[in-house]
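Observations on chain architecture
As a plain string of letters, each chain reads:
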Amino acid sequence: MRGFLLNNRAELIQRCKDKVARRPSRGATRAQLAHGIPMFLDQLTRTLEAEGQGDVAGGLRISGPPGGDAAALSEVGISATAHGGELLGLGYTVDQVVHDYGDLCQAITDLAVERDAPFSVDEFRTLNRCLDNAIADAVTEFAAQRDLDVARRHAEQENERIGFLAHELRNHLHVAKLAFAALESGRLPVGGSTGGVLKRSLDSLESLINRSLAFIRDAAHAPLHPPVFSLAAFLANAGRVAELYAADTGCTLRVAPVDAQLGIEGNRDLLSAALGNLLQNAFKFTQPCSEVSLRAHVSDAWILIDVEDHCGGLPQGRAETMFEPFRQGFDDKRGLGLGLSIAKESVEADGGRLTVRDMPGKGCVFTIALPLRRLG
């Protein structure tokens, strides 16, 4: 068998490549392929040579004993381990890892039949032992790396969920503290609009905590038909909160009037949080003593809610990445970089869209687009 493998090495490798090419989604580099069939063929050939010379221990060092050796991998085991990890990185499944070595076994068998090459029983045993160890080590590494990847993704998702919750809790708490500070001055009545902002912020905090607990208990179910509510009232509530941001930053807020018959449909708490995030960001980044505007209008079958600031425009390339989680705007590092990501998810959950339009040298406009509804 050793002479057969040496004389037909190129043919065997080509046959394996042809089989691989007929399977979809293979994109291995030359370096990655070196850990696969070519290296395995060389190791199999050297194993046969050592055993043919009576050096059983030498053959086992190259290919490993039957059943492998978890304590000390053989040469075949080391290269197969590298090959298994690389195949995972290329997006393969575990059956494709096994197929790589199965292709070689079939290629050797087919070509041996075509060339009428006789192999001894011991040589077949060596071939099967090498294949078995290579497959086992490749699959073991593939599975280990896959488990690590799954654990890493779960950790990232959990970290993002915790970040979202902390971000929203902080936002509601910030509004409540602004409202309380205004009431504490003694110039405003508790029963007025500022007192209403404080109450809604506390209610939102309670609602967010309750939703989180319900989600943990698997008791949260979205309604089949979300409620339709007044766009004018929705913007008025957002405007009252934004007035606190304006007073806190020394900027001004302009809220344009809207048709009282216009409505929007969805989870009011989540949409309020999304719009609140946009307004908070606008006052956070707009230039001192400038204006932030909140307006809404109809375009075809959509309600478009615009938040415009005077931040001076976005940094180059920022518009393409600003909705990604943990991306912070400009040089401000006070937050988590989650506000826009949360806003986008909240809007999209109700069939809407969140986009940004850059106005270089002036500012930017964030637009929430929601399906148009009319109040009865």
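Residues numbered from 1 in each chain as written. Predicted model: local features only at pLDDT ≥ 70, side-chain atom pairs only at ≥ 80, totals over all residues. Heavy atoms only, no water.

Taking an unreviewed UniProt entry as the reference, the protein chain is identified by name as histidine kinase belonging to Caldimonas mangrovi. Heading Catalytic activity (unreviewed entry) of the UniProt record for the protein chain holds this comment: "ATP + protein L-histidine = ADP + protein N-phospho-L-histidine." (UniProt positions renumbered as here; feature names shortened; annotations may be inferred.)

1. So, the overall build of the protein chain
Counting secondary structure elements, the protein chain contains 13 helices and eight strands. Looking at the protein chain residue by residue over its 376 residues, the buried ones come to 42%. Across the protein chain, every contact between residues at least 6 apart in sequence was considered, and the portion connecting residues at least 24 apart equals 74%. Per element, the accessible surface of the protein chain, about 19700 Å² overall, is 56% carbon and sulfur. (Helix = DSSP H or I, 4+ residues; strand = E, 2+ residues; numbered from the N terminus. Buried < 20%, exposed > 50% of the residue type's maximum accessible area, 1.4 Å probe, protein only. Contact = heavy atoms within 4.5 Å. Areas by Shrake-Rupley, 256 points an atom, 1.4 Å probe, with all protein chains shown as cover.)

2. Comments concerning helix H4 (residues 37–52)
With 16 residues, H4 should cover 22 Å at 1.5 Å per step; its first-to-last C-alpha distance of 22 Å lies within 8% of that length. Of all the positions in H4, only Ile37, Phe40, Leu41, Gln43, Leu44, Thr45, Thr47, Leu48 and Ala50 are classed as buried. The first or second residue beyond H4 is Gly54, which carries a positive phi of 85°. (Expected span 1.5 Å × (residues − 1).)

3. Re the sheet that holds strand S6 (residues 353–359)
Strands pair in a sheet through their backbones, by hydrogen bonds, and they do so in one of two ways: parallel or antiparallel. Reading across from one edge, S2-S4-S5-S7-S6 is the order of the five strands in this open sheet, with mixed pairing throughout. Two strands close off the open sheet at either side, each with one partner strand: strand S2 (252–255) and S6. Neighbouring strand axes in the sheet, compared pairwise and without regard to direction, differ in orientation by 20° on average. By the bridge criterion, seven bridges tie strand S4 (residues 291–299) to strand S5 (residues 302–308) in an arrangement that is antiparallel. Opposite Ala296, over in S5, you have Ile305 as the bridge partner. Here helix H10 (residues 231–249) sits on the sheet and contacts S2, S4 and S5; the angle it forms with S2, its principal contact strand, is near 175°. (Pairing = 2+ DSSP bridges. Axes fitted to C-alpha atoms, helices over the stretch in contact; angles between N-to-C directions.)

4. Overview of the side chain of Thr45
Note that Thr45 resides in helix H4. There is a polar contact of 2.8 Å between the side chain of Thr45 and the backbone oxygen of Leu41. Leave out the neighbours within four places in its chain, and Thr45 touches Arg2, Leu5 and Leu6. (Polar contact = N/O pair within 3.5 Å; in protein donor to acceptor, adjacent residues only side chain to side chain.)

5. A few points about the environment of Phe366
Topologically, Phe366 is positioned in strand S7 (residues 363–371). Given a relative accessible area of 6%, Phe366 falls into the buried group. In sequence terms Phe366 and Val307 are 59 residues apart; their C-alpha atoms lie 5.2 Å from each other. Ignoring any residue separated from it by four or fewer positions in sequence, one finds Phe366 in contact with Leu278, Ile305, Asp306, Val307, Met322, Phe323, Leu340, Thr355 and Val356.

6. Section: unusual backbone geometry
One non-glycine residue with positive phi stands out, namely Cys289, at about 60°. Unusually for a residue other than glycine, Asp300 sits at a positive phi of about 55°. Take Asp300: it is sitting in the loop between S4 and S5. Overall, Asp300 belongs to the exposed group, its relative accessible area being 73%.

7. Some points on the packing of H10 against helix H11 (residues 268–285)
Two elements in contact, H10 and H11, have axes whose closest approach is 10 Å; the angle formed by their N-to-C orientations is 30°. Overall, the two elements H10 and H11 adopt an arrangement that is roughly parallel. The chirality of how H10 crosses H11 is right-handed. For the pair H10 and H11, contact is made by Ala233, Phe234, Leu235, Asn237, Ala238, Ala242, Tyr245, Ala246 and Thr249 and by Arg268, Leu271, Ser272, Leu275, Gly276, Leu279, Gln280 and Phe283, respectively. Grouping the constituent residues of the contact of H10 with H11 by class yields eleven nonpolar, five polar and one charged. (Parallel < 35°, antiparallel > 145°, perpendicular 65-115°, else oblique. Left-handed = near helix turned anticlockwise from the far one by under 90°. Nonpolar A, V, L, I, M, F, W, Y, C, P; charged D, E, K, R; others polar.)

8. Description of the packing of aromatic side chains
Going through the model one piece at a time under the given rule, you end up with four aromatic pairs. The interplanar angle of 70° and the centroid separation of 5.7 Å between the aromatic rings of Phe119 and Phe124 together place this pair among those described as edge-to-face. Classification of Phe119 as buried rests on a relative accessible area of 16%. Here Phe124 falls in the partly exposed class, since its relative accessible area comes to 34%. For the pair Phe229 and Phe234, a centre-to-centre distance of 5.7 Å together with 55° between the ring planes defines the contact as tilted. Joined through ring pairs, the aromatic side chains of Phe4, Phe119 and Phe124 make up one cluster. (Phe/Tyr/Trp six-rings, centres within 6.5 Å; stacked < 30°, edge-to-face > 60°.)

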